[in-house]
Amino acid sequence: MVNFFPSIYDLAMQPLEKSKFQKIRKGILSKATGRVLEIGAGTGVNFPLYKHAEHVDAIEPNEGMIEQSQPRKAAAAVPIQIHRQSAENLDFPDNTFDTVVATLVFCTIPNPEKALREILRVSKPNAKILFFEHVKIDQPALAFAQEILNPVWKRVCDGCHLNRDTLKTIHDCGLQVIKVTSHYKGLFLEIESENKIN
Ligand SMILES: C[S@@+](CC[C@H](N)C(=O)[O-])C[C@H]1O[C@@H](n2cnc3c(N)ncnc32)[C@H](O)[C@@H]1O
C-alpha cells in the first residue's frame, strides 16, 4: 500500500471531478435508495451526494483513506457507517442491500470476480448495482498504450489497473446489465445493473 496516496487523491482528482465526475456521480447516486453498500469508498467523495439512501455501509480496506473520509462522513445528509473490509470478503449477511455502489474501484480490487460474487451474495434479489469505472478502451492503439503504461501506473496509483475489461467481468459474473453510458470515448463507463441471481 502506498501511504501518500490517500493524502494526494482528492487533489489529483480535482480537475476531473470539477469538469465532469461530480455531475456523473450525482446522477448515479440519485438512484441509490434503501440500504446501500458502497465498495471502496476511498476519501468519501460520494458521501455528500447520497440524498435518497436510508443508510450507507461503506467498506474500505485502506486506513489512510478512511481517515481522509471522516469530514465527508460527518457532513453527509444520510447516516454512513464505514467498515474496514475488502470487497472480496464482505462481513454482511446474505440479501442485505437494496443498492450497491462502486465508483473507480474495480480497477484496483485484486480479485474482481470474487468481489462481484460477494456483491451478489449480500445484495437482495433485483438490487441495483451501480458502477462508474475506467476500463480497457475499445480502440487497439489506445488499448496497447494502456497495456504499456499499466505496470508503472499500478505502482504509482496504489494498485490501479488501466487495462481491465470490467464490463465483460460484470457480464461474466452474471449481473444483468440494464444500461451502459460511455464517457471520454469509452475510457469511463457508467454501468447500471441488477442482481437477478438471488
Ligand atoms: C481509485 S480509489 C476510488 C475511491 C472512491 N471510490 C472514488 O470514487 O473516488 C480506489 C479505492 O479502492 C480501494 N480498494 C482497494 N482494494 C480494495 C478491495 N479489495 N476492496 C475494496 N476496496 C478496495 C482503495 O483503497 C481505494 O480507496
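You'll find the structure just up there.
Residues numbered from 1 in each chain as written. Predicted model: local features only at pLDDT ≥ 70, side-chain atom pairs only at ≥ 80, totals over all residues. Heavy atoms only, no water.

**Quick word on the site of the ligand**
As a matter of local geometry, the ligand sits amid 19 residues, with Y9, G40, E60, E88 and T103 nearest to it. Interatomic distance of 2.8 Å between a side-chain N/O atom of E88 and a nitrogen atom of the ligand. Contacts to the ligand include T103, whose side-chain N or O atom sits 2.6 Å from an oxygen atom. For the ligand, whose accessible area on its own is 600 Å², the fraction buried by protein is 94%. The pocket occupied by the ligand, as judged from atoms lying within 2 Å of grid points, is the largest pocket. Tallied by class, the residues present in the shell around the ligand amount to ten nonpolar, six polar and three charged. (Near = heavy atom within 4 Å. Polar contact = N/O pair within 3.5 Å; in protein donor to acceptor, adjacent residues only side chain to side chain. Areas by Shrake-Rupley, 256 points an atom, 1.4 Å probe, with all protein chains shown as cover. 1 Å grid on protein atoms, 1.4 Å probe; cavity = no way out; pocket = protein on both sides within 12 Å on 5 of 7 lines; lining within 4 Å. Sits in = over half its atoms within 2 Å of the grid points. Nonpolar A, V, L, I, M, F, W, Y, C, P; charged D, E, K, R; others polar.)

**Examining the packing of helix α1 (residues 5-29) against helix α2 (residues 63-75)**
In contact at an axis separation of 8 Å, α1 and α2 are set at 50° when each is read in the N-to-C sense. The angle between α1 and α2 falls in the class oblique. Contact residues: F5, P6, S7, Y9 and D10 in α1; G64, M65, Q68 and R72 in α2. (Axes fitted to C-alpha atoms, helices over the stretch in contact; angles between N-to-C directions. Helix = DSSP H or I, 4+ residues; strand = E, 2+ residues; numbered from the N terminus. Parallel < 35°, antiparallel > 145°, perpendicular 65-115°, else oblique. Contact = heavy atoms within 4.5 Å.)

**A short note on unusual backbone geometry**
Look at D158: it is not a glycine, yet its phi comes out positive at around 55°. Phi is positive for Y184, close to 50°, though the residue is something other than glycine. Note on placement: Y184 falls in the loop between β6 (176-183) and β7 (188-194). Residue classification places Y184 among the partly exposed residues on the basis of a relative accessible area of 33%. (Buried < 20%, exposed > 50% of the residue type's maximum accessible area, 1.4 Å probe, protein only.)

**Focus: the pattern of salt bridges**
Tallied over the full model, the rule gives eleven salt bridges. Residue D98 is joined to K124 by a salt bridge in which the shortest nitrogen-to-oxygen separation is 3.0 Å. Of this pair, D98 sits in strand β4 (residues 97-103) while K124 sits in strand β5 (residues 123-134), and the two are 26 residues apart along the sequence. Connected through salt bridges with shared partners, the residues D94, E118 and R121 form a single ionic network. (Salt bridge = Lys/Arg side-chain N within 4 Å of Asp/Glu carboxyl O.)

All we've got here are geometric facts, nothing functional implied.
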